[in-house]
Amino acid sequence: MTALATGSNRRSRQRLKAMSTVVRTLGTWVLPWRLVVTPSPEPGSAPLVDWLEEQLGSRPLVGVKKTAPRANNKPVLVLLDADGGVLGYAKVGINPLTQRLVKAETKALGRIAARSIPGLRTPELLASGEWNGSHVLVQGALRPTGDQSWAPEELIPRFAAFAGSAGLATTPLRSSPYLERLRRRLRKHRAYVPGALGAELERVVTAAGDVPLTLGSWHGDWTPWNMGRDGDDLLLWDLERVKSGVPAGFDAVHYTLQSEIVRKGTPPLAAARSLLEQDVTLAASSLQASRRLLARLYLIEIGTRYCVDRQAEAGGALSDLGSWLLPALAGPLREEALHG
Ligand SMILES: Nc1ncnc2c1ncn2[C@@H]1O[C@H](COP(=O)(O)OP(=O)(O)O)[C@@H](O)[C@H]1O
Ligand SMILES: [Mg+2]
């Protein structure tokens, strides 16, 4: 629990502290350690494991996934049966941001399952509700098996299927409802978002306002570490950021950039520059008239998210936009390149 709190904002740390954890060593035959997560010892408050037992019909053993510091850090609990088999995963909202994200994921699980996207499987929603003022989501476990590698030609149709799963609509960038919403977000959060980000957006609109922009859906954080493989099925979890009405192809660009930086170790500035200057291999589908416009809008979108989430305060990776994203966007903007 202490590890989960590291780097989170102060309120989330206080909230985590308030959730007293009692570690009971009960032997090493399933896990070397076990946890009981309980609310602060107020009269009448029950441990989370009681709530989970009520929802699942059996009492799970609980492990905690440890993740890097991020504003969106929250307890992600692995729920095990008595034989050590994974029953599912529980996510617990601990502050306004993570409450919103866990609630959003709860809704997204139902919505995406109903779309039955070919070649893709998402977790089953097992339970959700309030525990001690926190929103808790319990989802079934996806089980990657065998070879975990993916060829670009397998990924591209899956990105496209997700993007089109609730329909696609095309309008010029200038009159796009996406542009209107992004401008509104930038205005609303201007206390945290550098003015340079909004200025870059307006530069793009001036240069490429007439370019058609196709809107669709995205997972919002589709990366190699939020997915697995089971035969031909791509298993996709962490659906906190699912949205529609965004430029189709955002997932492909996000996957490409995040893999480049996190997996290949390319410095963020170099990775962002090559995203803008070259064709984005994985986004090379027929989703957009201009893949370079897509990449530019993606950087503005993700920069806005990092600022709105206050990632810098939480020590989130890539949160210092001035060291990579802003200088990449400030580079030459060749108008003709945005038109094709
Ligand atoms: N439904 C699931 N099936 C399989 N693994 C899961 C599932 N939910 C979470 N996990 C595991 O827990 C980790 C953290 O969960 P995730 O939903 O990615 O949370 P976060 O939002 O903190 O990144 C995942 O990377 C994965 O290893
Ligand atoms: Mg994740």
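Residues numbered from 1 in each chain as written. Chains lettered and ligands numbered in written order. Predicted model: local features only at pLDDT ≥ 70, side-chain atom pairs only at ≥ 80, totals over all residues. Heavy atoms only, no water.

- Named according to an unreviewed UniProt entry, the protein chain is Phosphotransferase originating from Phycicoccus endophyticus.

**Observations regarding helix α10 (residues 291-308)**
Phase 1 of the analysis: Taking 1.5 Å per residue as the helical rise, α10 with its 18 residues ought to reach 26 Å, and the 25 Å between its terminal C-alpha atoms agrees with that figure.
Phase 2 of the analysis: Most of α10 is tucked away, with 15 of its 18 residues classed as buried.
Phase 3 of the analysis: Looking at the residues trailing α10, positive phi occurs at Arg 310, about 60°. (Helix = DSSP H or I, 4+ residues; strand = E, 2+ residues; numbered from the N terminus. Expected span 1.5 Å × (residues − 1). Buried < 20%, exposed > 50% of the residue type's maximum accessible area, 1.4 Å probe, protein only.)

**Structural notes on the side chain of His 219**
Phase 1 of the analysis: Secondary-structure assignment places His 219 in the loop between β10 (212-218) and β11 (227-230).
Phase 2 of the analysis: The buried category is assigned to His 219, whose relative accessible area is 0%.
Phase 3 of the analysis: Only 2.9 Å separates the side chain of His 219 from the backbone nitrogen of Asp 221, close enough to count as a polar contact.
Phase 4 of the analysis: Of the polar contacts made by the side chain of His 219, one reaches the backbone oxygen of Asp 238; its length is 3.0 Å.
Phase 5 of the analysis: Setting aside chain neighbours within four positions, we find His 219 in contact with Phe 162, Leu 236, Trp 237, Asp 238, Leu 239, Arg 241, Val 242 and Asp 251. (Polar contact = N/O pair within 3.5 Å; in protein donor to acceptor, adjacent residues only side chain to side chain. Contact = heavy atoms within 4.5 Å.)

**Details of the sheet that holds strand β5 (residues 86-92)**
Phase 1 of the analysis: Spatial strand order, β3-β4-β5-β8-β7: 5 strands in an open sheet with antiparallel pairing. If you trace the sheet from one side to the other, it starts and ends with β3 (61-65) and β7 (125-131), each paired once. On average, each strand axis in the sheet is tilted by 25° relative to the strand beside it, whichever way the strands run.
Phase 2 of the analysis: Relative to β5, strand β4 (residues 76-80) runs antiparallel, the two being bridged by 5 bridges. The partner of Leu 80 across the bridge, within β5, is Val 86.
Phase 3 of the analysis: Lying on the sheet, helix α3 (residues 48-56) is in contact with β3, β4, β5, β7 and β8 (134-140); it crosses β7 at an angle near 140°.
Phase 4 of the analysis: Across the sheet, helix α4 (residues 96-115) is in contact with β5, β7 and β8; its angle to β8 comes to roughly 35°. (Pairing = 2+ DSSP bridges. Axes fitted to C-alpha atoms, helices over the stretch in contact; angles between N-to-C directions.)

**Some remarks on the pairing of β4**
Phase 1 of the analysis: Most of β4 sits out of view: 5 of its 5 residues are buried.
Phase 2 of the analysis: Burial of the side chains of β4 extends over both faces: Val 76, Val 78 and Leu 80 are buried on one face and Leu 77 and Leu 79 on the other.
Phase 3 of the analysis: Taken together, the 5 bridges between β3 and β4 define a ladder with antiparallel strand orientation. Of the residues in β4, the one forming a bridge with Val 64 is Leu 77.
Phase 4 of the analysis: Where β4 folds back onto β5 in an antiparallel hairpin, the turn is made up of 5 residues, including Gly 84, whose phi is positive at roughly 90°.

**With respect to the coordination of the magnesium ion (ligand 2)**
Phase 1 of the analysis: Taken together, Asn 226 (OD1) and Asp 238 (OD) make up the protein donors of the magnesium ion (ligand 2), found 2.2 to 2.4 Å from the metal. Here Asn 226 is found in the loop between β10 and β11, whereas its partner Asp 238 is found in the loop between β12 (233-236) and β13 (243-247), with 12 residues between them in sequence.
Phase 2 of the analysis: You can call Asn 226 buried: its relative accessible area is 6%. (Donors = N, O, S within 2.8 Å, 3.2 Å for Na, K, Ca; no water.)

**A word on the packing of aromatic side chains**
Aromatic rings considered in pairs are described by the distance between their centres and by the relative angle of their planes.
Phase 1 of the analysis: Enumeration over the complete set of coordinates arrives at 7 aromatic pairs.
Phase 2 of the analysis: Ring geometry for Phe 159 and Tyr 255: centres 5.5 Å apart, planes at 65°, overall edge-to-face. Here Tyr 255 lies in helix α8 (residues 250-263) and Phe 159 lies in helix α5 (residues 152-163), a separation of 96 residues in the sequence.
Phase 3 of the analysis: Phe 159 gets classed as buried once you look at its relative accessible area, which sits at 4%.
Phase 4 of the analysis: Each ring, one from Trp 218 and one from Tyr 298, has its centre 6.5 Å from the other, and the planes form 85°; the classification is edge-to-face. (Phe/Tyr/Trp six-rings, centres within 6.5 Å; stacked < 30°, edge-to-face > 60°.)

**Considering the site of ligand 1**
Phase 1 of the analysis: Around ligand 1 lies a shell of 16 residues, among which Arg 70, Lys 74, Lys 91, Gly 140 and Leu 142 are the nearest.
Phase 2 of the analysis: Lys 74 is positioned with one of its side-chain polar atoms (N or O) 2.8 Å from an oxygen atom of ligand 1.
Phase 3 of the analysis: Note that a nitrogen atom of ligand 1 is positioned 2.9 Å from one of the backbone N or O atoms of Gly 140.
Phase 4 of the analysis: Notes on ligand 1: free accessible area 540 Å², of which the protein chains cover 90%.
Phase 5 of the analysis: Those elements that place two or more of their residues in the shell around ligand 1 are β5 and β8.
Phase 6 of the analysis: When the residues that make up the shell around ligand 1 are grouped by side-chain class, the tally is 7 nonpolar, 3 polar and 6 charged.
Phase 7 of the analysis: Each of domain 1 (2-140) and domain 2 (152-338) accounts for three or more of the residues forming the shell around ligand 1. (Near = heavy atom within 4 Å. Areas by Shrake-Rupley, 256 points an atom, 1.4 Å probe, with all protein chains shown as cover. Nonpolar A, V, L, I, M, F, W, Y, C, P; charged D, E, K, R; others polar. Domains from an automatic or database assignment.)

**Describing empty space enclosed by the protein**
Phase 1 of the analysis: All told, the structure shown has 1 cavity of 30 Å³ or more when counted by the stated rule.
Phase 2 of the analysis: Each pocket or cavity is described by its volume, and for the largest cavity that value is around 30 Å³.
Phase 3 of the analysis: Every residue along the wall of the largest cavity is listed here: Phe 159, Ala 160, Ala 163, Ser 217, Gly 249, Phe 250, Asp 251, Ala 252 and Leu 287.
Phase 4 of the analysis: Tallied by class, the residues present in the lining of the largest cavity amount to 6 nonpolar, 2 polar and 1 charged. (1 Å grid on protein atoms, 1.4 Å probe; cavity = no way out; pocket = protein on both sides within 12 Å on 5 of 7 lines; lining within 4 Å. Points joined across faces, edges and corners; volume = space filled by probe spheres on them.)

**A word on the pattern of salt bridges**
Phase 1 of the analysis: Scanning the entire structure with this criterion turns up 16 salt bridges.
Phase 2 of the analysis: Residue Arg 184 pairs with Glu 180 through a salt bridge whose shortest N-O separation is 3.4 Å. Taken together, the residues span about one helical turn, with Arg 184 and Glu 180 both in helix α6 (residues 177-188) at a distance of 4 residues.
Phase 3 of the analysis: Look at the salt bridges and you will find they share partners, linking Lys 74, Lys 91, Glu 105, Asp 238 and Glu 240 into a network. (Salt bridge = Lys/Arg side-chain N within 4 Å of Asp/Glu carboxyl O.)

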